[in-house]
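# Architecture at a glance
This is what each chain is made of:
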Amino acid sequence: MSRHGFTFSKALGQNFIVNPGICPKIAEMGGANENTGAIEIGTGVGVLTAELAKRAKKVVAIELDSRLIPVLEETLSEFSNITIINQDVLKTDLHAVIAEYFAGMDVVVCANLPYYITSPILMNLLESRLPVKSITVMVQKEAAARICAMPATREVGAVSIAVRYYSEPKILFPVSRGSFMPAPDVDSCVIKLDVLDTPAVNPIDEKFFFKVVRGAFSQRRKNILNCLSSSLSLSKQQIQSACENCGIPSNARAEQLTMEQFKSLSDEIFKSIN
Ligand code: SAM
């Protein structure tokens, strides 16, 4: 890196993995094998890219920082199955990438994500229904706990419900801050989201379901009656009767509700206003 005059950009979340035990594990547990195509987001100097290329049929890696391209040409020169796209992943049409590079293959996503865009990237991949088998990513330890939290537990948040709507998330293994250069201020975890063929529940209106989920978690210390009447601009009476119709106490808090209860409540409110 010093030969290339490279300096780390904090703004781009550049903490590169230097512990050699980590990337083979991510590639292996992420399901990269001779029948799969792998998408990587954020290559750094290509440590994970190389492990994916050793195992997968093809790798497409998206990296925003053009200063890394000449470095990657060197570090990945032995591989002929890697395509690097020098672009912002949030502006990349990943459906088109899959159609162009991975026709007829199962596809997995593996990444050590830039922490500043973890949630937008994950939600983007899931909401756009990217046709992939799984998404295996390194995220901050706290984000991992939130993303993988079960409904009706203390750690659950709107993002946990959203992730669980589309996938089955699990924590794979922890990674200490000393495994990175430069070392970040936080520890990390690798998590895997196995993408579901059909969503976990089947609400009448998906957009409205997510509006109810976000609304219910909008003020963590308030009950769903208060949260939902203010976030949906409906009367307390309307929310109260929807709760009664599906047997949910209106003084419950969002973190006490199961996925099924979110679905019933969203359907009840939706029916009452349409
Ligand atoms: N995979 C490498 C590793 O594990 O050592 C690098 C991981 S580092 C945490 C995140 C990488 O994502 C950096 O190389 C950074 O330049 C890149 N990056 C940041 N924002 C990006 C974006 N919007 N699109 C694509 N890559 C991005």
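Rules behind the numbers
- Residues numbered from 1 in each chain as written.
- Predicted model: local features only at pLDDT ≥ 70, side-chain atom pairs only at ≥ 80, totals over all residues.
- Heavy atoms only, no water.
- Domains from an automatic or database assignment.
- Contact = heavy atoms within 4.5 Å.
- Buried area = accessible area lost by both parts, 1.4 Å probe.
- Salt bridge = Lys/Arg side-chain N within 4 Å of Asp/Glu carboxyl O.
- Polar contact = N/O pair within 3.5 Å; in protein donor to acceptor, adjacent residues only side chain to side chain.
- Helix = DSSP H or I, 4+ residues; strand = E, 2+ residues; numbered from the N terminus.
- Nonpolar A, V, L, I, M, F, W, Y, C, P; charged D, E, K, R; others polar.
- Buried < 20%, exposed > 50% of the residue type's maximum accessible area, 1.4 Å probe, protein only.

So, about the domain arrangement of the chain. Splitting the chain by domain gives domain 1 (16–195) and domain 2 (206–273). Each partner contributes residues to the interface: domain 1 has 14 residues there, and domain 2 has 13 residues. Between domain 1 and domain 2, roughly 1000 Å² of surface is buried when both sides are summed, and carbon and sulfur atoms account for 68% of that area. Where domain 1 meets domain 2, there are 1 salt bridge. For Glu206, the salt bridge identified is with Arg129, shortest N-O distance 2.9 Å. At the boundary of domain 1 with domain 2, the tally comes to 7 residue pairs in polar contact (both at pLDDT 80 or more). With 6 residues, helix H7 (residues 158–166) is the single largest residue contributor to the side of domain 1 that touches domain 2. Taken together, the residues that form the side of domain 1 that touches domain 2 break down as 8 nonpolar, 2 polar and 4 charged.

Here we take up unusual backbone geometry. Cis geometry marks the peptide bond from Met181 to Pro182; its omega dihedral reads -15°. Assignment of secondary structure puts Pro182 in the loop between strand E8 (180–181) and strand E9 (188–195). Of note in the backbone geometry, Arg129 takes a positive phi value of approximately 50° without being a glycine. Within the secondary structure, Arg129 sits in the loop between helix H5 (118–127) and strand E6 (134–140). Positive phi values are uncommon outside glycine, yet Ser233 reaches one of about 50°. Summarising the element assignment, Ser233 is placed in the loop between helix H9 (224–231) and helix H10 (236–245). Note on Ser233: relative accessible area 63%, which makes it exposed.

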